[in-house]
Amino acid sequence: MTTTSGDTSLAPGHVTVDPAILYFGTPVALLSTVDAAGRPNLAPMSSVFWLGHTAVLGLGARSQTARNLRETGECVINLPSAGQVAAVDRIARTTARDPVPARKAAAGYTHEPDKFGRAGLTPVPAEVVAPPRAAECPVHLEARLVHTHPLGRDDPAAAGGTLAFEVRVLRVHVHESVRLPGTAHRIDPDRWRPLIMSFQQFYGLGPRVHASRLGEIDEEWYRPGPGTSPAR
Ligand SMILES: Cc1cc2nc3c(=O)[nH]c(=O)nc-3n(C[C@H](O)[C@H](O)[C@H](O)COP(=O)(O)O)c2cc1C
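Just so we're clear, the structure is a prediction, and the values are computed from it rather than from any experiment.

Draft legend 1. Examining the nonpolar core more closely. Formed by 22 residues in total, the largest nonpolar core has its most connected members in Leu31, Leu57, Cys75, Ile77, Phe165 and Val167. When residues of this core are traced back to their parent elements, those giving at least two are strand E4 (29-34), strand E7 (54-60), helix H1 (64-72), strand E8 (74-79), strand E13 (139-150) and strand E14 (162-174). No other element matches E14, which puts four residues into this core. Beyond its immediate stretch of four places on either side in the chain, Ile77 contacts Ala29, Leu30, Leu31, Trp50, Ala55, Leu57, Val139, His140, Leu141 and Val167.

Encoded structure:
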């Protein structure tokens, strides 16, 4: 639906629209979890953000991944680079749920109990949580569930359908290729090439577009510790 309602003279060129989704672009993560029997699962997701060492993960409540997180409380947030898009796409429209929920079946989702195998990614043990890491992803964030926040409680039609999982990142592994040369703990944003999902399509990042005043702050200023807030 496209309308030209409202006073367009206030913001020239703008129209009022009603998009079905508001996915304006976020990094893709491959979330690994285990169920109560220890069976691993891997799911692409992109509703993720970080504040300090807290990550917030937005997930459909009916996914196997959400069930696993509620049951076992641990995950690894594997971050694929743009070069691994084919592996991510191979497990798009799959679920470990059996039977496949009707709404997903209607959209062409199929049951896949071995997401690692289907993606062509290698499960390797994590150090402090039970779910495995995806060896080929340049970044692995081992994390533990802190709190589960139901979303959309103001909307009876949506209530209970989506959850925000607040997790604490306990351990970070990065491939040498994305580490800032000459540093022990820093990621080089010129080398780290995340895979971005925007309105259901895959993108990479372009080069830097501007000098950054924020980037003049020493990264260590953000390190969580006594007397610091985890906020940016
Ligand atoms: C690139 C990509 C991003 C996705 N982002 C999300 C997301 O942020 N949240 C979500 O619930 N599902 C997301 N999905 C859909 C899930 O992968 C899908 O629900 C899947 O069936 C979950 O698998 P599971 O049931 O085995 O956990 C995304 C899918 C793809 C391919």
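Draft legend 2. Here's a closer look at the pattern of salt bridges. Under the counting rule described, the total for this entry stands at nine salt bridges. Of the charged contacts, one joins Asp190 and Arg208 as a salt bridge, the two residues approaching to 2.9 Å between their closest N and O atoms. Residue Asp190 is found in the loop between E14 and strand E15 (196-198), and its partner Arg208 is found in the segment after strand E16 (201-203); the two are separated by 18 residues along the sequence. Residue classification places Asp190 among the partly exposed residues on the basis of a relative accessible area of 43%. Taking the shortest distance from any N to any O, the salt bridge between Glu220 and Arg223 comes out at 2.6 Å. Taking the relative accessible area as the measure of exposure, Glu220 reaches 41% and is therefore partly exposed.

Draft legend 3. Quick peek at the sheet that holds strand E5 (residues 40-45). Sheet architecture is open: seven strands sit in the order E5-E4-E8-E13-E14-E7-E6, paired in antiparallel fashion. One side of each edge strand has no neighbouring strand; the edge strands of this open sheet are E5 and strand E6 (48-51). Sheet twist, expressed as the mean angle between neighbouring strand axes with direction ignored, is 30°. Where E13 and E14 come together, 11 bridges link them in antiparallel fashion. Residue Pro150 lies in a different strand from E14, and its bridge partner there is Leu163. Along the sheet, H1 makes contact with E4, E5, E7, E8, E13 and E14, crossing E4 at roughly 50°.

Draft legend 4. Quick peek at the site of the ligand. If you check the shell around the ligand, you find 21 residues, and the closest are Pro44, Thr65, Thr95, Lys104 and Lys115. The backbone of Ser47 places a nitrogen or oxygen atom 2.8 Å from an oxygen atom of the ligand. Here an oxygen atom of the ligand sits 2.8 Å away from a polar atom, N or O, in the main chain of Ala96. Surface burial for the ligand is 86%, taken as the share of its 630 Å² of free accessible area covered by protein chains. Where the shell around the ligand is concerned, the elements lending two or more residues are E5, E7, H1 and strand E9 (94-95). When residues in the shell around the ligand are grouped by element, the largest group, four residues, is from E5.

Draft legend 5. Main features of the sheet that holds E15. Judged by pairing direction, the sheet is antiparallel, and its three strands sit side by side in the order E3-E15-E16 without closing on themselves. Pairing within the sheet leaves two strands with one partner each, and these edge strands are strand E3 (26-27) and E16.

Draft legend 6. Local environment of the packing of aromatic side chains. One pass over the structure, following the stated rule, counts two aromatic pairs. When the centroid spacing of 5.0 Å and the interplanar angle of 85° are considered together, the rings of Phe24 and Phe199 count as edge-to-face. Linking Phe24 in the loop between strand E2 (16-17) and E3 with Phe199 in the loop between E15 and E16, this pair joins segments that are 175 residues apart in sequence. Lying across the ring of Tyr109, Lys104 places its NZ or CZ 5.0 Å from the centre.

Thresholds applied
- Residues numbered from 1 in each chain as written.
- Predicted model: local features only at pLDDT ≥ 70, side-chain atom pairs only at ≥ 80, totals over all residues.
- Heavy atoms only, no water.
- Core = buried A, V, L, I, M, F, W, Y, C linked by side-chain atoms within 4.5 Å.
- Buried < 20%, exposed > 50% of the residue type's maximum accessible area, 1.4 Å probe, protein only.
- Helix = DSSP H or I, 4+ residues; strand = E, 2+ residues; numbered from the N terminus.
- Contact = heavy atoms within 4.5 Å.
- Salt bridge = Lys/Arg side-chain N within 4 Å of Asp/Glu carboxyl O.
- Pairing = 2+ DSSP bridges.
- Axes fitted to C-alpha atoms, helices over the stretch in contact; angles between N-to-C directions.
- Near = heavy atom within 4 Å.
- Polar contact = N/O pair within 3.5 Å; in protein donor to acceptor, adjacent residues only side chain to side chain.
- Areas by Shrake-Rupley, 256 points an atom, 1.4 Å probe, with all protein chains shown as cover.
- Phe/Tyr/Trp six-rings, centres within 6.5 Å; stacked < 30°, edge-to-face > 60°.
- Lys NZ or Arg CZ within 6 Å of the ring centre and 35° of its normal.

Purely geometric stuff here, so don't read any function into it on its own.
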